[in-house]
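Descriptive structure summary
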Amino acid sequence: MSETTGTGPAALERDIAALKEDVARLADTLSTLVSDGAATAKTAAENAATSARDTAVSAADELSASIEQNPLTAVLIALGVGYVVGVIGRR
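None of these values were measured; they are calculated from a predicted model. (Residues numbered from 1 in each chain as written. Predicted model: local features only at pLDDT ≥ 70, side-chain atom pairs only at ≥ 80, totals over all residues. Heavy atoms only, no water.)

The next point concerns the overall build of the protein chain. Across its full length, the protein chain carries two helices and zero strands. In summary, the protein chain has a C-alpha radius of gyration of 33 Å against a globular reference of 12 Å for 91 residues, an excess of more than 25%. With respect to the three principal axes, the spread of C-alpha positions in the protein chain is 95 × 35 × 10 Å. When each of the 91 residues of the protein chain is scored for burial, the buried share is 3%. A total of about 7,700 Å² of accessible surface is found on the protein chain, and carbon and sulfur atoms cover 64% of it. (Helix = DSSP H or I, 4+ residues; strand = E, 2+ residues; numbered from the N terminus. Rg over C-alpha atoms; globule rule 2.2 N^0.38 Å. Buried < 20%, exposed > 50% of the residue type's maximum accessible area, 1.4 Å probe, protein only. Areas by Shrake-Rupley, 256 points an atom, 1.4 Å probe, with all protein chains shown as cover.)

Here it is, written out as structure tokens:
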């Protein structure tokens, strides 16, 4: 806020005008900071989603390759899981 000298209504009006300018600049600065923070959060969320998708695709590819290499084991595991789910479902 700018310094003013003197007293009276004119000095008070100058102080109020300076205060209004300071508040307007502060509001602009806060608006910019919030916008920048939102953009940063959006970018971080997009990066996390991309990373999660890449990890899921990689895991699916590894599982598919494992099933192709050991089909009998995969079938036995599937039967075991199905049996456990069936037993739990009966209760």
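Next comes the rest of the account.
The subject of this paragraph is the UniProt feature "transmembrane region" (unreviewed entry) in the protein chain. Under the UniProt annotation, the feature "transmembrane region" (unreviewed entry) is placed at residues 72-89. Secondary structure content for residues 72-89 is 100% helix and 0% strand, and the end C-alpha separation is 26 Å. (UniProt positions renumbered as here; feature names shortened; annotations may be inferred.)

Time to look at helix α1 (residues 9-69). Taking 1.5 Å of rise per residue, 61 residues should cover 90 Å, and α1 covers 90 Å from first to last C-alpha, within 8% of that figure. When we look at burial in α1, the residues that qualify are Ala11, Ala18 and Asp22. (Expected span 1.5 Å × (residues − 1).)

We now examine a nonpolar patch on the surface. Judged by side-chain polarity, Leu72, Val75, Leu76 and Leu79 come together as a nonpolar surface patch covering roughly 430 Å² of accessible area. On the secondary structure map, Val75 appears in helix α2 (residues 71-90). (Patch = residues over 30% accessible without salt bridge, like charges linked within 9 Å, V, L, I, M, F, W, Y side chains within 5 Å. Salt bridge = Lys/Arg side-chain N within 4 Å of Asp/Glu carboxyl O.)

This part takes up the environment of Val85. Here Val85 lies in helix α2. The class for Val85 is exposed, based on a relative accessible area of 54%. Here the alpha-carbon distance between Val85 and Ala41, two residues 44 residues apart in the chain, equals 40 Å.

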